[in-house]
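Chains, contacts and geometry: an overview
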Amino acid sequence: MHRPVHRLISSLRLPHRSCRRLLHSTLAAMSEPTPEGTPVPITKSAEKKLAKKKENEARLALKAAKAAKTAAAAPAGGEKKAKKEKGKEEEAPFVNTTPKGEKKDLSQPMASGYNPIAVESAWYDWWNAQGYFSPQLTEDGQIKPEGLFVIPSPPPNVTGSLHIGHALTVAIQDCLVRWNRMLGKTTLFVPGFDHAGISTQSVVEKRLLKTGLTRHDLGREKFVEKVWEWKEDYQGRITNQMQRLGGSYDWNRVAFTMDERLSKAVVETFCRLHEEGTIYRANRLVNWCVKLNTTLSNLEVEQKQLEGRTLLNVPGYDIKEKFEFGVITSFAYPIEGSDEKIVVATTRPETMLGDTAIAVHPQDPRYKHLHGKFAKHPFVDRRIPIITDDIVVDMSFGTGAVKITPAHDPNDYEVGVRHNLEFINILNDDGTFNENAGDKFKGMKRFHARVAVVNALKELGLYVETKDNPMQIPLCLKSGDIIEPILKPQWWVKCKPLAEEALKRTREGELAISPKASETEWYRWLENIQDWCISRQLWWGHRCPAYFVNIEGADQDRNDGKHWVVGRTLEQATERAKKLAGDAKFTLEQDEDVLDTWFSSGLWPMSILGWPEQTDDLRLFYPTSLLETGWDILFFWVARMVLLGVKLTGKMPFPEVLCHAMIRDAHGRKMSKSLGNVIDPIDVIQGLDLEALHAKLYEGNLDEREVQKAKAGQKKDFPKGIPQCGTDALRFALCAYSGGGRDINLEILRVEGYRKFCNKIFNATKFAMLKLDEKFVPEPTAKPTGNESLVEKWILHKLNVAAGEINKQLADRNFMNATSAAYNFWLYELCDVYIEAMKPMTDESASETTRRSAQQTLYTCLDHGLRLLHPFMPFVTEELWQRLPRRPNDPTPSIMLSKYLVFDKSFEFAQAEHDFDLVFSAIKASRALAASYNIQQGLHVYIRTETDAEAALFQSQVPTFLALTKNCKSAEVVRDLAGVPAGCGSEVLTPTIFVHVLVKGQVDLDAEIVKCEKKLALAEMNLSKVAKIEAQGDYETTVPANVRLANEEKVRLVLHTCTGRGLGCELTGVDCRGKRSRRTSSS
């Protein structure tokens, strides 16, 4: 053996060679009965016979019992069952009797168990009625010296009820708001709602369609009235959900994007940006959704990847119809005046009806003779010029000839502009072809026309081939329809200058974006930003404040922005029109289109505070403190707020953007109504059976096929429905999931697990308060008095550590770690340790000083522990905190207004933590030993120490040891092995502390021999491995010092393992009473 190992073995002076022999003799000693019994020696053979006999007796007894049961009269059994069912009483459902806005009466004793519905009742209305959600200012109306924290809550769409993703938003944001409020800051959490133009109009139209009507049957004014009715209904539903989730919003400042105040901000922005040239009108290609009949921004279009030929359903067509995508079709154009043909290829054959050129590369020798010539269109009377373009044409791809459709393809549009080509639109807004497509195809739906064009080409002998072509197709995120690029005169925002300023400020540190992945995407998107089309062909939304000046007798192009004026009011628009028309007569025609929803939402942080007016709210609360939202709308919304905020106010609307994860179901799938995995947070709070879940599917706009698919999904995921979890458990779970990733796979069972945590807090507080007798009065402050015992100092130190950790993690926006710190303190330190350890300190036998100190420490832990939890669990913490007595001269009316615990040096007891951790390690070791031997009662523990300080420590903690070790009859501190009786199971705690549990007479010898031999074999193998490494000649010079030290520690632990000093080799009481022998290198 190498010298370092030999030195360690020698220094330990422990037996090793005789280990197995000693093991057998020790276990033989364990077979002796306890002193209370009479020794009865028994051989292994006799023991087996006895066991067999007992087994036969048990089998006969079981057989007799079954016979007796069969012979019993059936009515008697039925009667017994009936009695059992009669005795089982169902708990009556909770009914809230507290008048709205009044404080809950807690004069009655606490309920027998935790009921989240009962606990959460009444508190929200009371908080709101008391004005606790409003920002607290100084006496002179200024921000408090502790600071300011403002969150503009992302406004949910009034399209429908909130889902679990919205609950995540509320949980995170309200956690931060409540935390900052308790830190003493002035806080403002502004609620609001978004009109969501496309989505809301779509759902109302679908609802109308079920009655056989369309919006055109009603007309614009009547239809908009219907949408306002929908908005009022769903805004009420969403408000209820937000309140049930505990969001501490200032409802005096609630906003809606189409309120008069916010609409004024939209009009002002449009006019101001148009006046300086940032908003302009142009006839350009847009993303057209046939299904929704409106323009979409690039961000509202999703690219679907196809690897080859794919048949797809398209919205607006029969469900049985499928169309071919993922292929490229080649066909020939005949050259005018010759028999020659030129072959082109396209993924959209129908667009050839709008072709106005064929492009070839100027250097391609195959086509030089065709430069300047024309091809003849086979279906419409149109000559198609053959042009040269070295940008769009790749000579090596396909035939080297490219068909150009400027009015229906983004790349072709640029070619059309470069070569001044004709832009021919062949598509109506409803997806049918117009007269420009020719008589043969006019009126056809676009994908029917695709099939018809290919067939017509075949008839003329112009069709060449169709083959697989990996490609992307653009889909509408709202409807799933395939997007068509078409020419439309629209209003656009010139984004490049705005983005450059936003990028500059972000790089200078005015804006921080987390997580890092979102920051990277932020820079990439802004650096490549394109102009933003803000026109939408809808009826629901902010109508463009732009007017066409129709001058009598003038030849005007409506597509040209010079014939349009904008106005904050009709009067202003009229005055501007007069200047444009001169002395001529004119009429004003307001643009029928509305503005993109994100245009109004982009003004949210300032419009909710009164902008463009210079209000007190804008002066006090803008810029806001934080924008928290999902990463999926970083560009839809966050970027627009930054662009517009900087442009209109000169300030970043917020210094920090926090992007939370997207919630998916337990299988990692995106939430979808048709999958049946969309979860209403109220269903998680209250619970809902499977039948009721199924019934809710009919409230939406799913067709019967989708309903049946969703039902199957619900039955698979929630076979017993959704269990009642309560708001606090849901919020805590959602925060616990939030650790910085991009996706959360939500499991309802985990939420239910946190309901059990709430139950633990409830019952622990209920039990602990029994320890606070009627005479108990809290000390004026929470500062330690100096009378605290070791375990009291330990728990106060742990409370302090938890407070420091939670504050740090919340500041770092790591909610997963923050909840872990709170959970661990309550469950594993306060409930599992201190509340149990204090029992002997509050017994009648304890001194008055000891009892009062233990009570004060318990009160401090409950008081501050509930405060630490409050941002995550507002309801149960208020309920329990209100039941605690107040400290003298503390008028704090609600836990939400109490002071949050931060790290406090006076609570720091590092030595006490170290000492009690050592004691608790011994307690856990004794528990583990008892469990491994299945000792369930009459436990005798011996703690052997080799230093005076450790002996004194453990001696002082014997009462705690007994309190925290279940069924422990005695705990004795001994200084050497002579004090440890024969037949003990052992565990090494440290090289100088050992825990022994008396197991004599309570173990299976054969099983223990096998178990210990395995442990010894493993230990010896590990020792051999280290020795082999250390035996290398260059070990001392090539292996780093830290690795050598680690190896030495491994050897030390292994030697402790495979000797009489511990780890269940159970050698105590045999050779370890003065029979130590020095090992040699041969061992």
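Look up: the structure comes first, before these words.
Quick summary incoming for the structure in this document. All values derive from a computational prediction rather than experimental measurement.

Details of the overall build of the chain
Per the secondary structure count, the chain includes 35 helices and 33 strands. Taking all 1083 residues of the chain together, 51% fall into the buried category. The contacts of the chain with a sequence gap of at least 6 include a subset with a gap of at least 24, amounting to 77%. When the accessible surface of the chain is split by element, carbon and sulfur atoms take 51% of a total near 50,100 Å².

Examining the packing of helix α27 (residues 815-837) against helix α28 (residues 848-869)
It is the contact of α27 with α28, at a shortest axis distance of 11 Å, that shows an interaxial angle of 160 degrees. Looking at the two axes, α27 sits roughly antiparallel to α28. In this structure, the crossing between α27 and α28 has a hand that is left-handed. Residues Ala822, Phe825, Trp826, Leu830, Tyr834 and Ile835 of α27 lie in contact with α28, whose contacting residues are Ala854, Thr857, Leu858, Cys861, Leu862, Gly865, Leu866 and Leu869. Class assignment for the residues of the contact of α27 with α28 results in twelve nonpolar, two polar and no charged.

Here's the deal with the side chain of Arg536
Note on placement: Arg536 falls in strand β21 (residues 535-536). Sequence-distant contacts of Arg536, that is, excluding residues within four places in its chain, are made with Ile198, Thr294, Thr295, Leu296, Ser297, Glu300, Asp593, Val594, Leu595 and Asp596.

Side note on the side chain of Arg867
Considering the arrangement of structural elements, one finds Arg867 in helix α28. Every residue in contact with Arg867, bar those within four places of it in the chain, is listed here: Met182, Trp881, Ile895, Ser898, Lys899 and Tyr900.

Quick notes on the environment of Gly602
Examined against the element boundaries, Gly602 turns out to sit in the loop between α17 (597-601) and α18 (604-607). Once the C-alpha coordinates of Gly602 and Arg640 are considered, the two residues, 38 residues apart in sequence, prove to be 4.9 Å apart. Discounting chain neighbours no more than four positions away, the residues touching Gly602 are Trp637, Arg640, Met641 and Leu644.

Quick word on the pattern of salt bridges
Under the counting rule described, the total for this entry stands at 55 salt bridges. Residue Lys104 is joined to Glu879 by a salt bridge in which the shortest nitrogen-to-oxygen separation is 2.7 Å. On the criterion of sequence distance, the pair formed by Lys104 in the loop between α4 (74-87) and α5 (116-120) and Glu879 in helix α29 (residues 874-881) is long-range, its members being 775 residues apart. Take Lys104: its relative accessible area is 11%, and that puts it in the buried class. The buried category is assigned to Glu879, whose relative accessible area is 7%. Linking Glu848 and Arg851 is a salt bridge whose minimum nitrogen-to-oxygen distance equals 2.8 Å. Taken as a pair, Glu848 and Arg851 lie in helix α28 at a separation of three residues, close to a single helical turn.

Concerning the state of the cysteines
Simply put, disulfide is the name for a covalent bond between the sulfur atoms of two cysteines. Scanning the model with the defined rule gives zero disulfides in all. Sulfur of Cys533: no disulfide; nearest cysteine sulfur belongs to Cys544 and is 9.4 Å away. Judged by its relative accessible area of 5%, Cys533 falls in the buried class.

Some remarks on the sheet that holds strand β24 (residues 586-590)
What holds strands together in a sheet is hydrogen bonding between their backbones, with the strands either parallel or antiparallel. Taken together, the three strands give an open sheet; going across it, the order is β23-β22-β24, and neighbouring strands pair in antiparallel fashion. The sheet is open, and its two borders are formed by β23 (564-566) and β24, each paired with just one other strand. The sheet shows a mean angle of 35 degrees between the axes of neighbouring strands, direction not considered. Judged from the five bridges that link them, strand β22 (residues 546-551) and β24 form a sheet pairing that is antiparallel. Opposite Tyr547, over in β24, you have Gln590 as the bridge partner. The strands that helix α16 (residues 570-581) touches are β22, β23 and β24; relative to β24, the one it contacts most, it runs at about 135 degrees.

Examining the environment of Leu643
Examined against the element boundaries, Leu643 turns out to sit in helix α20 (residues 634-649). Expressed as a C-alpha distance, the spacing of Leu643 and Leu498, which sit 145 residues apart in the sequence, is 5.5 Å. In this view, Leu643 contacts Leu498, Ala499, Ala502, Leu526 and Ile529; residues no more than four positions away in its chain are not counted.

Procedures and definitions
Residues numbered from 1 in each chain as written. Predicted model: local features only at pLDDT ≥ 70, side-chain atom pairs only at ≥ 80, totals over all residues. Heavy atoms only, no water. Helix = DSSP H or I, 4+ residues; strand = E, 2+ residues; numbered from the N terminus. Buried < 20%, exposed > 50% of the residue type's maximum accessible area, 1.4 Å probe, protein only. Contact = heavy atoms within 4.5 Å. Areas by Shrake-Rupley, 256 points an atom, 1.4 Å probe, with all protein chains shown as cover. Axes fitted to C-alpha atoms, helices over the stretch in contact; angles between N-to-C directions. Parallel < 35°, antiparallel > 145°, perpendicular 65-115°, else oblique. Left-handed = near helix turned anticlockwise from the far one by under 90°. Nonpolar A, V, L, I, M, F, W, Y, C, P; charged D, E, K, R; others polar. Salt bridge = Lys/Arg side-chain N within 4 Å of Asp/Glu carboxyl O. Disulfide = S-S within 2.5 Å. Pairing = 2+ DSSP bridges.

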